[in-house]
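An overview of the molecular structure
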Amino acid sequence: MAERIRRIGLHALLVAALLAASPAISLAAQDDAPAPRAGAAVAAVPWSALDADEQRILEPVREQWQALAPAQQQRLRRKAERWQALAPEQQDRVRQRLARFAAMTPEQRAAARERLRAFQQLPPDEKQRIREAFRRYHALTPDERKAWRQRYERANPPKP
């Protein structure tokens with residue numbers, strides 16, 4: 001598995017680490033809240049039953065709300081609840097990341113999801129090692145990061 005991560009490359013590794021290291025990004029990447037028990041019925045929630053904050057946060061899906069499966073509605077409500085708990089600077093960071101994700105091509109988004117899945121399958125100690133490397137990398141100045149990327153790219157040219 002570690003060899004697979006090495007093949008992914010620096011940029012992909014940083015994106016995967018960023019997604020996994022940030023509790024805020026889980027709003028976009030995955031739902032960490034436990035799913036309802038298997039076989040447990042989840043009732044659909046009419047839009048009018050959402051409180052004002054939920055409606056404000058979930059406004060982008062208002063037109064599709066009634067067509068969503070009840071389980072998807074519940075996941076979105078949990079995400080809205082977690083969103084409200086984030087500090088304003090965390091919300092800004094998530095908005096920026098979501099905008100970058102939205103600007104990706106479908107192929108780039110699929111690749112990002114695959115990198116996240118690969119990262120999530122790593123053992124906890126390997127994930128921690130990658131998170132620490134990510135923190136060290138971002139502690140560098142922009143010039144130091146640029147020099148580091150150039151050295152990395154020279155040492156690890158893309159495979160044809």
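Residues numbered from 1 in each chain as written. Predicted model: local features only at pLDDT ≥ 70, side-chain atom pairs only at ≥ 80, totals over all residues. Heavy atoms only, no water.

**A word on the overall build of the protein**
- When helices and strands are counted, the protein shows nine helices and zero strands.
- Ordered by position from N to C terminus, the α and β elements of the protein give α-α-α-α-α-α-α-α-α.
- For the protein, the residues scored as buried account for 28% of the 160 residues in total. (Helix = DSSP H or I, 4+ residues; strand = E, 2+ residues; numbered from the N terminus. Buried < 20%, exposed > 50% of the residue type's maximum accessible area, 1.4 Å probe, protein only.)

**Regarding helix H8 (residues 124-139)**
- Here H8 spans 23 Å end to end across 16 residues, near enough to the 22 Å set by a 1.5 Å rise per residue.
- For H8, the full list of buried residues reads Glu126, Lys127, Ile130, Arg131, Phe134 and Tyr137. One side of H8 carries all its buried residues, which in axial view fall inside an arc of 140°. Among the exposed residues of H8, those oriented more than 90 degrees off its buried face are Pro124, Asp125, Arg136 and Ala139. (Expected span 1.5 Å × (residues − 1). Arc of directions from axis to C-beta.)

**Quick word on the packing of aromatic side chains**
- Tallied over the entire structure, the rule returns three aromatic pairs.
- With centroids separated by 5.8 Å and ring planes inclined at 75°, the aromatic side chains of Trp47 and Trp65 adopt a geometry described as edge-to-face. Separated by 18 residues along the polypeptide, Trp47 in the loop between helix H3 (26-29) and helix H4 (52-57) and Trp65 in the loop between H4 and helix H5 (70-85) bring together distant segments of the chain.
- Residue Trp47 is classed as buried on the basis of its relative accessible area of 10%.
- On the basis of an interplanar angle of 65° and a centroid distance of 5.5 Å, the ring pair of Tyr137 and Trp148 is categorised as edge-to-face. (Phe/Tyr/Trp six-rings, centres within 6.5 Å; stacked < 30°, edge-to-face > 60°.)

**Considering the pattern of salt bridges**
- The final tally for this structure, using the stated rule, is seven salt bridges.
- Close ionic contact of Arg77 with Glu54 constitutes a salt bridge, the shortest N to O distance being 3.0 Å. Placement of Arg77 in helix H5 and of Glu54 in helix H4 is noted, with a sequence separation of 23 residues between them.
- Arg77 sits in the partly exposed class, given a relative accessible area of 23%. (Salt bridge = Lys/Arg side-chain N within 4 Å of Asp/Glu carboxyl O.)

**Some points on the environment of Arg77**
- Residues Arg77 and Ile57, 20 residues apart in the sequence, show an inter-C-alpha distance of 9.2 Å.
- What Arg77 contacts, discounting residues up to four positions off in sequence, is Val45, Leu50, Glu54, Leu58 and Trp65. (Contact = heavy atoms within 4.5 Å.)

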